[in-house]
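# Notes for the structure review
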Amino acid sequence: MMHTFFVFAGGGMGCLLRYSLWKLMPQGTFPTATLVANFLAIGLMGLVLMFRQPASWLHPLLLAGFCGGLSTFSGFSFETAGLIRAGMLWAAAANILVSVLGGICLAWLFYKNQ
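These lines cover the structure that appears in this document, whether it is placed above or below. On a predicted model such as this, the values are computed, not experimentally measured, just so you know. All residue numbers refer to positions counted from 1 along the written sequence of the respective chain. Totals for whole chains, interfaces and linings use all residues, but because this is a predicted model, local features are given only for residues with pLDDT of at least 70 and pairs of side-chain atoms are given and counted only at 80 or more. Hydrogens and water are ignored here; the side-chain numbers use all heavy atoms of the structure.

Looking now at the packing of helix H4 (residues 73-85) against helix H5 (residues 89-112). Two quantities define a packed helix pair, namely the angle between the helix axes and the distance between the axes. Running from N to C, H4 and H5 point in directions that differ by 155 degrees, and their axes come no closer than 7 Å. Taken together, the axis directions place H4 and H5 in an arrangement best described as roughly antiparallel. Note on packing geometry: the crossing formed by H4 with H5 is left-handed. Across the interface between the two elements, Phe76, Thr80, Leu83 and Ile84 from H4 touch Leu89, Ala91, Ala92, Asn95, Ile96, Ser99 and Val100 from H5. Residues are grouped as follows: nonpolar covers Ala, Val, Leu, Ile, Met, Phe, Trp, Tyr, Cys and Pro; charged covers Asp, Glu, Lys and Arg; every other residue, Gly included, is treated as polar. The residue makeup of the contact of H4 with H5, split by class, is eight nonpolar, three polar and no charged. To get an axis, a line is fitted to the C-alpha atoms, and for a helix only the part in contact is used. The angle between two axes follows their N-to-C directions and goes from 0 to 180 degrees. Helix and strand definitions follow DSSP, with helices as H or I runs of at least four residues and strands as E runs of at least two, each counted in order from the N terminus. In this scheme, roughly parallel covers angles under 35 degrees and roughly antiparallel covers those over 145, while 65 to 115 is roughly perpendicular and the rest are oblique. Helix crossings are classified by the rotation of the near helix relative to the far one: an anticlockwise turn of less than a right angle makes the crossing left-handed, while a clockwise turn makes it right-handed. Pairs of residues are marked as contacts when any of their non-hydrogen atoms sit within 4.5 Å.

Counting through the fold element by element, phenylalanine 76 comes out in helix H4. Buried residues are those whose accessible area, probed at 1.4 Å on protein chains only, stays under 20% of the maximum for their type, while exposed residues exceed 50% and partly exposed ones sit between those limits. Classification of phenylalanine 76 by relative accessible area gives buried; the value is 11%. Counting along the chain gives 16 residues from phenylalanine 76 to alanine 92, while the straight-line C-alpha distance between them is 10 Å. With sequence-adjacent residues up to four places away left out, phenylalanine 76 is seen in contact with Thr34, Asn38, Asn95, Ile96, Ser99 and Val100.

Time to look at helix H1 (residues 2-24). Residue pairs spaced three or four apart in an α-helix point in one direction, given the helix's 3.6 residues per turn. Compared with an ideal rise of 1.5 Å per residue, which puts 23 residues at 33 Å, H1 spans 33 Å between its outermost C-alpha atoms and is within 8% of the ideal. All of the buried residues in H1 are Phe6, Gly10, Gly11, Gly14 and Leu21. Multiply 1.5 Å by the residue count of a helix minus one, and that product is the helix's expected span.

So, on to the packing of aromatic side chains. Any pair of Phe, Tyr and Trp rings, taking the six-membered ring for Trp, is counted once the centres come within 6.5 Å. Such a pair is stacked with planes under 30 degrees apart, edge-to-face with planes over 60 apart, and tilted for the rest. Under the defined criterion, the tally for this structure stands at four aromatic pairs. Centroid distance phenylalanine 6 to tryptophan 57: 6.1 Å. Interplanar angle 45 degrees. Geometry classified as tilted. A residue pair is termed long-range when its members are at least 10 positions apart, and phenylalanine 6 in helix H1 and tryptophan 57 in the loop between helix H2 (32-49) and helix H3 (58-70) qualify at 51 residues. A relative accessible area of 18% places phenylalanine 6 in the buried class.

We now examine the nonpolar core. By size, the foremost hydrophobic cluster in this structure holds 14 residues, and its most contacted members are Leu21, Val48, Leu62 and Leu70. Mapped by element, the contributors of at least two residues to this core are H1, H2 and H3. A per-element tally of this core places H3 first, with seven residues. Only buried residues count toward a nonpolar core, which is a set of Ala, Val, Leu, Ile, Met, Phe, Trp, Tyr and Cys residues joined through side-chain atoms within 4.5 Å.

Before going further, it helps to spend a moment on a nonpolar patch on the surface. Nonpolar side chains (Val, Leu, Ile, Met, Phe, Trp, Tyr) are joined into patches within 5 Å and like charges within 9 Å, using only residues with over 30% relative accessible area and no salt bridge. Here, Shrake-Rupley sampling with a 1.4 Å probe gives the accessible areas, and only protein chains in the shown set may cover a residue. Salt bridge criterion: a side-chain nitrogen from Lys or Arg within 4 Å of a carboxyl oxygen from Asp or Glu. There is a patch of nonpolar side chains on the surface, built from Ile96, Leu97, Val100, Leu101 and Ile104 and spanning about 440 Å² of accessible area. You can see leucine 101 is positioned in helix H5.

What follows is about the side chain of threonine 80. Tracing the backbone through its elements, the reader meets threonine 80 in helix H4. Since its relative accessible area comes to 7%, threonine 80 is described here as buried. Residue contacts for threonine 80: discarding those within four places in its chain leaves Ala92, Asn95 and Ile96.

Printed below as a string of structure tokens:
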């Protein structure tokens, strides 16, 4: 039951950070706030996974909770669809390439160093 609380608490904090990024970052044609939120979540997840014997509450709080609340595949998907609908095909393609390839490269850096 305690792990459920940690997921809930971490998710709330991650959502608040994602919302804050969205409010603080400029809203241009490229969805920068979503990209930053997703990359922050990948980086934090990589750091947490580098610990061999983490405390039992750390994974539910930070991985499922905080990183899950911070990252947003749905936001990425809808923003990319919006760019396509607006005829901004280059921006949509750039968002897909930077988000997917950049995220995989960032995750690989952490796996490589484990």
